[in-house]
Amino acid sequence: MKLYELFIALRYVTSNLKQSIIITVAISIGVSLIIWIPSINLSFFGDLIDKSVSSAPNITITKELDTFERNEPGFERYFRDRKLLLKDQVQTRKRNIKSYKEIINQIDHLEQIEAMAPYVSEQGFIIRGAEERGTQIRGIIPELETEVVDIENDIIRGQIRNLGINDIVIGITLADKLNVDLGDRITVAGPRESTKNLKVVGIFSTGLRAQDEFQVYVSLKSGQQIFNLGNDVNGIGIKIKDIYEANNVAEEIKKITGLDVDSWMEENKQVLDQISRFRLIITFINFLIIFSAASSITSVFIMLIASKAKEIGILKSMGAKNLSVMSVFVIQAVSLSILAYAIGLGFAKLLLMWYAGIIESAGETFLSTEVPEFKISVEYAVLAFFYSFFTSILASIIPSFQAAKLNPVEAING
Amino acid sequence: MANISEKTLLKLENIDKIYTGAQPVHALRNINLTICRGEFLAIVGPSGSGKSTMMNVLGLLDAPTSGKLYYLGQETSRWSEKQKADFRNREIGFIFQAHLLLPEFTALENVLMPAYISRKMKKAQEDRAKEILISVGLGDKFSSKPAQLSGGQNQRVAIGRALMNNPSVVFADEPTGALDQKTSMEIYNLFRKINAEQGMTFIIVTHERELAQKADRIIEIVDGIIVRDEKQYT
């Protein structure tokens, strides 16, 4: 037998079931917690990022803030008549970009850029009978916008690609609240008393509450008319190849154009910061889990080795070397850790399914109108594997080393 | 190099063993001894006389504090732990009062353990282990675990294990101490048979006078000193 250490170790594993079960349970609980907790949170955050990234451009180019617009008499009158106090929002309006084609040409060579789409986007109102709701109106060139934002996938009724000058696409929540469907007509009002009566040609559902309730799409031309922009736009949306390069690409575009450039990472900074904070907390929790599992493994091994002292002595009297004796116990720990990992992974999956069931029964979450897909985090599954592997080695190595160092005479004589 | 004949299995020159501690114990004092191949000898003495220490030193389980120990003509004090382990595996068999079998393994696997350790496990080794078990009267107990065997049967398995790698010498520390008289006699006869048939050296450490009287040579130790070393003609 070439590897008698493995033979002895596996026999110890199967013969000393009580110890084997204690070690396996200790590690598998640790593994399942290490996988389960981050998987829930990362599923939530990942879903939020996916939805945010797919429903908005990775990068937007805008012009600096216009601080003079608030003095516009028509605008103030509009709000005053409706007893609304939205002066502050007026102040945050961006200046218009007059020659967007020129800007697109300036940055078109950048390798990371996949698609670009000009847009107008301002706050306005949707009016349907007596119902009047504040909304974010986005004027787009559909064939370009759909290259930048994955909006076509979110269309649940109708279409957006052939969005005409008298058409509008609205979110599912807004459609429900206004009680409108495809073919119905609604009035869109801009801040300068310009209104348009548009036909609903599409309804989308992104799963993000803010989008589905407050965002509407009209054609670029229509938007320019509603906001009296002439041929100007107030932004260019950009899709890039590697979304996590967004900050760097934005910086580069800013250097070239001198305009304000924001990346999705900046706009979703809170979510990304939340993920970073979460990772820090989870690292600490993982440390505690590993520490407690390692302690139980070490104590079980100390007991196991104490009970095997005479056998260790006799093995050494027969010529077993220190390294072999040590290997017997480390192999036991490693083989149990592999078994425990498989059990822990399965248990994490079960916990995730159970949790998904709870969330699904609630129907929606705080930020999202759709339940995210709960997936095992591959990153933490890999981490858990290394955790179980190295914890078992580290936790068993000290008692195993002591076993190897046992004097055979003392061990045999007890 | 000491003057050692080919017949000599092991030789002790001025061996001392002192256990250090709060109260140091001088367990062996200036031991000089030569043991030849094929001898059947008993080491006797009262409890605490140093006979087990002597066995541990002779069996390379414990190192002497001073003096020289030669095995098959080679001085052992400079051997590494690994060399000693290899030598024990190849040349020495141990039998203890408590059989000290591995309870998780069958009788056959216990006998095979020294072969596993020497990593020379082949079909021939398994056949030899079976032959040994048959020769010690356990031909029908290959698959039995120690818990399923009697004290005498377990001691027979331990004997089989000691013989497995065909060692030059077998050390037996109180081998019949836990057995009844009838079983003790059977074990003794088994030792004698193996000694006669295979020429293996047997060194039996015992406080049982009756067993010692049956040996060819008796070495008596008192307070770590050899007080008697005489051949007997049985």
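Conventions and cut-offs
- Residues numbered from 1 in each chain as written.
- Chains lettered and ligands numbered in written order.
- Predicted model: local features only at pLDDT ≥ 70, side-chain atom pairs only at ≥ 80, totals over all residues.
- Heavy atoms only, no water.
- Helix = DSSP H or I, 4+ residues; strand = E, 2+ residues; numbered from the N terminus.
- Buried < 20%, exposed > 50% of the residue type's maximum accessible area, 1.4 Å probe, protein only.
- Contact = heavy atoms within 4.5 Å.
- Buried area = accessible area lost by both parts, 1.4 Å probe.
- Salt bridge = Lys/Arg side-chain N within 4 Å of Asp/Glu carboxyl O.
- Polar contact = N/O pair within 3.5 Å; in protein donor to acceptor, adjacent residues only side chain to side chain.
- Nonpolar A, V, L, I, M, F, W, Y, C, P; charged D, E, K, R; others polar.
- Core = buried A, V, L, I, M, F, W, Y, C linked by side-chain atoms within 4.5 Å.
- Pairing = 2+ DSSP bridges.
- Axes fitted to C-alpha atoms, helices over the stretch in contact; angles between N-to-C directions.

**Let's talk about unusual backbone geometry**
Generally, phi is negative for residues other than glycine and the peptide bonds are trans, each holding for most cases. All names here are of chain B. Of note, Asn14 is a non-glycine position whose phi angle comes to about 50°, a positive value. Here Asn14 is to be found in strand S1 (residues 8-19). By relative accessible area, Asn14 is classed as partly exposed at 42%. If you check the backbone angles, Glu174 has positive phi at about 45° while not being a glycine. Mapped onto the fold, Glu174 is located in the loop between strand S7 (169-173) and helix H6 (181-198). The exposure class assigned to Glu174 is buried, which follows from its relative accessible area of 9%.

**Side note on the interface of chain B and chain A**
Opposite the 25 residues of chain B that make contact, chain A presents 27 residues. Between chain B and chain A, the buried area comes to about 2,400 Å², and carbon and sulfur atoms account for 64% of it. Of all residues in chain B, Glu104, Ile117 and Arg119 of chain B bury the most surface against chain A, accounting for 29% of the area lost on that side. Viewed at the interface, chain A and chain B are joined by 4 salt bridges. One salt bridge connects Arg11 of chain A with Glu109 of chain B, and the closest N-O pair in it is separated by 2.7 Å. Linking chain B to chain A there are 9 residue pairs in polar contact (both at pLDDT 80 or more). Each residue belonging to the side of chain B that touches chain A can be placed in one class, and the counts come to 14 nonpolar, 3 polar and 8 charged.

**Remarks on the side chain of Lys17 of chain B**
All names here are of chain B. Within the element layout of this structure, Lys17 appears in strand S1. Relative accessible area serves as the criterion here: at 8%, Lys17 is assigned to the buried category. Side-chain polar atoms of Lys17 contact the side chain of Asp62, separated by 3.3 Å. For Lys17, the residues in contact, after removing those within four places along its chain, are Val25, His26, Ala27, Leu28, Thr53, Asp62, Ala63, Pro64 and Thr65.

**Details of the nonpolar core**
Core analysis: the biggest nonpolar cluster contains 121 residues, and Phe329 of chain A together with Tyr71 and Phe171 of chain B have the highest contact counts within it. If one sorts the elements of this core by residue count, helix H14 (residues 322-362) of chain A sits on top with 13 residues. The residues contacting Tyr71 of chain B, other than those within four sequence positions of it, are Leu9, Leu10, Leu58, Gly59, Leu60, Thr76, Trp79, Phe87, Ile92, Val169 and Phe171 of chain B.

**So, the sheet that holds strand S10 (residues 225-231) of chain B**
All names here are of chain B. Overall, mixed pairing links the 6 strands, which are arranged S6-S7-S8-S3-S9-S10 in an open sheet. On the outer flanks of this sheet lie strand S6 (92-95) and S10, each paired with one strand and no other. Across this sheet, the average inter-strand angle for adjacent strands is 15°, counted without regard to direction. Pairing between strand S3 (residues 40-44) and strand S9 (residues 217-222): 4 bridges, direction parallel. By the bridge assignment for S9, Ile43 is matched with Ile219.

It is worth stressing that arrangement in space is one thing and function is another; only the former is reported here.
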